[in-house]
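The lines below spell out each chain.
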Amino acid sequence: MLTFGHNMLKSFRMNVFSVSQIRDWDAFTIAHEPIHSIDLMERASSAFVRWFCARFDDRCPVIVFCGMGNNGGDGLAISRMLLQKCYNVRTCVVKHSPKGSADFSRNLERLESLTAIEWIETAADIPTLLSPPIVIDALLGSGLSRPAEGLMAEVIQRINDAQTPVISVDIAAGLFADMPNAPSDSIIKPTHTVAFQCPKLAFFQPQCAEFVGEWDIVSIGLSEKYELQTPTSYFYTDAAIIEPFTKARKKYSHKGSFGHALLIGGSYGKIGSIVLSAKACLRSGAGLLTVQAPQCGYDIIQTSIPEAMVLPDWHWRINTAVPNIEPYSAIGIGPGMGQDPQTLLMLRELLTLLTSPIVLDADALNLLSKHPDMLTILPKNSILTPHPKELQRLLGQSWKDDYEKLTLLRDFSQKYQLIVCLKGAHTAVALPDGSIHFNSTGNPGMATGGSGDVLTGIITGLLAQGMHPTDAAVFGVFQHGKAGDRAAQKCTQPALIASDIINEMRW
Ligand SMILES: NC(=O)C1=CN([C@@H]2O[C@H](COP(=O)(O)OP(=O)(O)OC[C@H]3O[C@@H](n4cnc5c(N)ncnc54)[C@H](O)[C@@H]3O)[C@@H](O)[C@H]2O)[C@@H](O)CC1
Ligand SMILES: [K+]
């Protein structure tokens, strides 16, 4: 058996902070850089304007809707900067409070010397958005403390009704950054959100998708020291993760240097699943691969992946035999395996033999769900790759919203000391230390049969090469999505099939 490498993940991830941490981060930067808060607002607004001007030219009429807090202050500064760049800008301020924040008021003075401000004090003051301008939403930001109501809700409704691009500054007005909204809440539905410095937890929740739109992060130079010293349990995996894992192979290395993976799965009618896993496993760089499958899969596997060895089960249709695990540096089990009672016996016995982490997917997860006592014998740091339905079955319960789902996911991972990759847009990888890592790659074209089998193969292959299980899970998920993105670029999302993901794998 290979020994697993060190966990390299720590230095390559972006923190996802809570609202109160973001507020502290601003205050820390203001105190320690040091910088005046009004200058930090200027920096944030110019970062937004750079993003905006790179996408929309000055022929597009722009209407900036501002609230009276610091998000509104950003909006006023953005209006001024766009006017100075000769954009055709209207600025509307919703009077939702008798007095604006200090930096709102400073920016109001600065803008009033350049242009007239339109105040919205009643519904009659809301401008008609007939010839569609681009709307910039600076109504409410991360300081949201209650759902938008009254005049504010009416403005939000009117903006949502207009068929026009809407760009939200930092976060859509009315959307809570790190807790659930009620279904009836009034929230802007932006085409884009341009967030300052780090993504908000809401960006990763399927239920918030229409209130986030496409999103980008712009840096506003908040303190690195604060980021390093402040604990959080949410992280965002971006392209920086690739660097530590892409080392050139040593000249005198041989196939034995890159581990020997064992994949177990397939059943009559579902041999394709294990074929896909096997191809992906080899492409992930594993030196050797053995596939254990029922006899009906023998010819298929030998023909479609001559690079793999096959360990045929004595059974024609299903997996029943407990393999000798000694030669293998990592094992992945489940794709297309079926849930026959004899397969269950094999799984149960296999688990008792293991001394190092294993990868479990598909039917292996379904068997675990039906026999949860087996969860307690899984080696620590084993990797589970459920989709939401499979997670629901594993937990034995559903969730009332996506935030509760994350809590349940974390509790499960910590309770059993397992790594759980919850598949979907922004796949969430929960680690036994309580952290959750959201992925940045992938696209809806990957919602196609077999794409999960590919992920199982990739992670098993990385584990076989001696990668630490947390790295194998987070990096494997990233590379799976990245390959899917390349595939979608080549053949479009609807035409993408799982084999395309394998063919686009690059290391
Ligand atoms: N120095 C800083 O703190 C920086 C803050 N920035 C901006 O500041 C924003 C946060 O600003 P604030 O904390 O002032 O808050 P907001 O601008 O999000 O909200 C403004 C105020 O509105 C009130 N309010 C809350 N919910 C409301 C509702 N539903 N209806 C009506 N009024 C409501 C609250 O009193 C709140 O303070 C960020 O999203 C970001 O855009 C940026 O300028 C970067 C620097
Ligand atoms: K906003």
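Procedures and definitions
- Residue positions are counted from 1 within each chain, in the order its sequence is given.
- Written order decides the labels, with chains lettered from A and ligands numbered from 1.
- Reporting in this predicted model follows two pLDDT cut-offs: at least 70 for local features of residues, and 80 or more for side-chain atom pairs to be given and counted; totals over whole chains, interfaces and linings ignore these cut-offs and use all residues.
- The basis for the side-chain values is all heavy atoms of the structure; hydrogens and waters are excluded.
- UniProt positions are given in the numbering used here, feature names are shortened, and annotations may be inferred rather than shown by experiment.
- Only the contacting stretch of a helix is used when fitting its axis, a line to C-alpha atoms as for every element, and angles between N-to-C directions run 0 to 180 degrees.
- Strands here are runs of E lasting at least two residues and helices are runs of H or I lasting at least four, both read from the DSSP assignment and numbered beginning at the N terminus.
- Comment on the angle field: the value is read as roughly parallel under 35 degrees, roughly antiparallel over 145, roughly perpendicular from 65 to 115, and oblique elsewhere.
- Should the near helix be turned anticlockwise from the far one by less than a right angle, the crossing is left-handed, and should it be turned clockwise, the crossing is right-handed.
- Every residue pair with non-hydrogen atoms within 4.5 Å of one another is taken to be in contact.
- For each structure, a 1 Å grid was placed over the protein atoms alone; sets of points admitting a 1.4 Å probe that cannot get out are labelled cavities, open sets with protein on both sides within 12 Å along at least five of seven lines are labelled pockets, and lining residues have an atom within 4 Å of a point.
- Grid points are joined across faces, edges and corners, and a volume is the space filled by probe spheres set on the points.
- All residues other than Ala, Val, Leu, Ile, Met, Phe, Trp, Tyr, Cys, Pro, Asp, Glu, Lys and Arg, Gly among them, are scored as polar; the first ten of these are nonpolar and the last four charged.
- These domain boundaries are the output of an automatic or database domain assignment.
- By this definition, two strands are paired if DSSP reports at least two bridges between them.
- Sodium, potassium and calcium take a 3.2 Å donor cutoff, other metals 2.8 Å, and in both cases only N, O and S atoms count; water is not among them, so sites may look incomplete.
- Relative accessibility under 20% of the residue-type maximum defines a buried residue, over 50% an exposed one, and the middle range a partly exposed one, all with a 1.4 Å probe and only protein chains included.
- Proximity criterion: a residue is near a molecule or strand once any of its heavy atoms comes within 4 Å of it.
- For the purposes of these results, a polar contact is taken to be a pair of N or O atoms within 3.5 Å, where, inside protein, one atom must be able to donate a hydrogen and its partner to accept one; residues adjacent in sequence count only when each atom of the pair is a side-chain atom.
- Only the protein chains shown count as cover for residues, and all accessible areas are computed by the Shrake-Rupley method using a 1.4 Å probe.
- Here the criterion for a molecule occupying a pocket or cavity is that more than half of its atoms lie within 2 Å of the pocket grid points.
- A simple way to read buried area is as the amount of 1.4 Å-probe accessible surface that goes missing from two parts once joined, with both sides added.
- Within this document, salt bridges are pairs made up of a side-chain nitrogen of Lys or Arg and a carboxyl oxygen of Asp or Glu, the two lying within 4 Å of each other.

Named according to an unreviewed UniProt entry, the chain is Bifunctional NAD(P)H-hydrate repair enzyme originating from Runella slithyformis. Of the comments in the UniProt record for the chain, the one headed Subunit (unreviewed entry) reads "Homotetramer."

At a closest axis distance of 8 Å, the pairing of helix H10 (residues 362–370) and helix H11 (residues 388–395) adopts a crossing angle of 25 degrees. It follows that H10 is roughly parallel to H11 by the angle criterion. For the crossing formed where H10 meets H11, the hand is left-handed. Seen from H10, the contacting residues are Ala362, Leu365, Asn366, Leu368 and Ser369; seen from H11, they are Glu390, Arg393 and Leu394.

So, about the layout of surface pockets. Here the largest pocket defines a volume of roughly 1200 Å³. Forming the boundary of the largest pocket are 44 residues, of which Gly424, Ala425, His426, Gly442 and Asn443 lie nearest the centre. Mapped onto the lining of the largest pocket, the elements with two or more residues apiece are strand S8 (214–218), helix H13 (451–464) and helix H14 (469–491). Ranked by the residues each element gives to the lining of the largest pocket, the list is headed by H14, at six residues. Here the lining of the largest pocket is composed, by residue class, of 17 nonpolar, 18 polar and nine charged. Two domains each provide a minimum of three residues to the lining of the largest pocket, namely domain 1 (19–232) and domain 2 (258–503). Its boundaries defined by the atoms lining it, the second largest pocket holds a volume of some 870 Å³. Listing elements by their share of the lining of the second largest pocket, those giving two or more residues are helix H1 (19–32), helix H2 (37–53) and helix H3 (70–84). In the lining of the second largest pocket, the residues fall into 17 nonpolar, 12 polar and nine charged.

Strand order in the open sheet formed by 11 strands is S1-S9-S18-S17-S16-S15-S14-S13-S10-S11-S12, and the pairing between neighbours is mixed. Of all the strands in the sheet, the pair left with one neighbour each is strand S1 (14–15) and strand S12 (309–312). Where strand S10 (residues 260–264) and strand S11 (residues 288–293) come together, five bridges link them in parallel fashion. Within the sheet, the bridge partner assigned to Leu262 lies in S11 and is Thr290. Of the strands in this sheet, strand S9 (234–237), strand S15 (383–384), strand S16 (419–422), strand S17 (428–430) and strand S18 (436–439) touch helix H12 (residues 402–416), which is tilted by about 155 degrees from S16.

At this site the potassium ion (ligand 2) is bound by Asn71 (OD1), Asp137 (O), Leu140 (O), Val169 (O) and Ile171 (O), with donor distances of 2.6 to 3.0 Å. The motif formed by the donor residues of the potassium ion (ligand 2), counted along the single chain, is N-x65-D-x2-L-x28-V-x1-I. Placement of the pair is Asn71 in helix H3 and Leu140 in the loop between strand S5 (134–138) and helix H5 (150–161), with a sequence separation of 69 residues. For the pair shown, Asn71 and Leu140 are each scored as buried.

Here we take up the UniProt feature "binding site: K(+)" (unreviewed entry) in the chain. Following the UniProt record, the feature "binding site: K(+)" (unreviewed entry) maps to Asn71 and Asp137 here. Despite a sequence span of 67 residues, these residues sit close together in the fold, their greatest C-alpha distance being 8.9 Å. Lining the second largest pocket, from the set of annotated residues above, are Asn71. A residue is classified by how much of its surface remains accessible, and Asn71, at 8% relative accessible area, is buried. Among residues more than four places away in sequence, those in contact with Asn71 are Asp137, Ala138, Leu139, Leu140, Gly141, Val169 and Asp170. Structurally, Asp137 can be placed in strand S5.

Moving on: the site of ligand 1. Lining the immediate environment of ligand 1, one finds 22 residues, of which Asn71, Asp74, Gly141, Arg146 and Asp170 sit closest. For ligand 1, a nitrogen atom lies 3.2 Å from a polar atom in the backbone of Pro147. For ligand 1, whose accessible area on its own is 860 Å², the fraction buried by protein is 82%. In this structure, ligand 1 is accommodated by the second largest pocket. Those elements that provide at least two residues to the shell around ligand 1 are H1, H2 and H3. For the shell around ligand 1, a count of residues per class yields 10 nonpolar, eight polar and four charged.

Here we have seven strands laid out as an open sheet, ordered S4-S3-S2-S5-S6-S7-S8, and parallel in their pairing. Both edges of this open sheet fall to strand S4 (118–120) and S8, since each of them pairs with a single strand only. Pairwise comparison of adjacent strand axes, ignoring direction, gives a mean angle of 20 degrees for this sheet. Examined bridge by bridge, strand S2 (residues 62–66) and S5 share five bridges and lie parallel to one another. When the sheet's bridge partners are listed, Val62 is paired in S5 with Ile134. Seen against the sheet, H5 touches S2, strand S3 (89–94), S4, S5 and strand S6 (166–169) and runs at an angle of roughly 145 degrees to S3.

This part covers unusual backbone geometry. The omega angle of the peptide bond from Glu33 to Pro34 is -15 degrees, so this bond is cis rather than trans. Its location among the elements puts Pro34 in the loop between H1 and H2. In this structure, Cys86 is a non-glycine residue whose phi angle is positive, near 70 degrees. Following the sequence through the fold, Cys86 ends up in the loop between H3 and S3. Taking the relative accessible area as the measure of exposure, Cys86 reaches 61% and is therefore exposed. Positive phi, normally seen in glycine, also occurs at Asn381, with a value near 70 degrees. Note that Asn381 resides in the loop between H10 and S15.

Let us look at the domain arrangement of the chain. Domain annotation of the chain identifies domain 1 (19–232) and domain 2 (258–503). For domain 1 and domain 2, the distance between their C-alpha centroids amounts to 42 Å. With 13 residues of domain 1 at the interface, the matching set in domain 2 holds seven residues. Interface of domain 1 and domain 2: buried area, both sides summed, is about 870 Å²; carbon and sulfur atoms make up 62% of it. It is Phe204, Gln205 and Gln207 that lose the most area in domain 1 upon contact with domain 2, and together they represent 53% of the buried surface on that side. Run the count over domain 1 and domain 2 and you get zero salt bridges.

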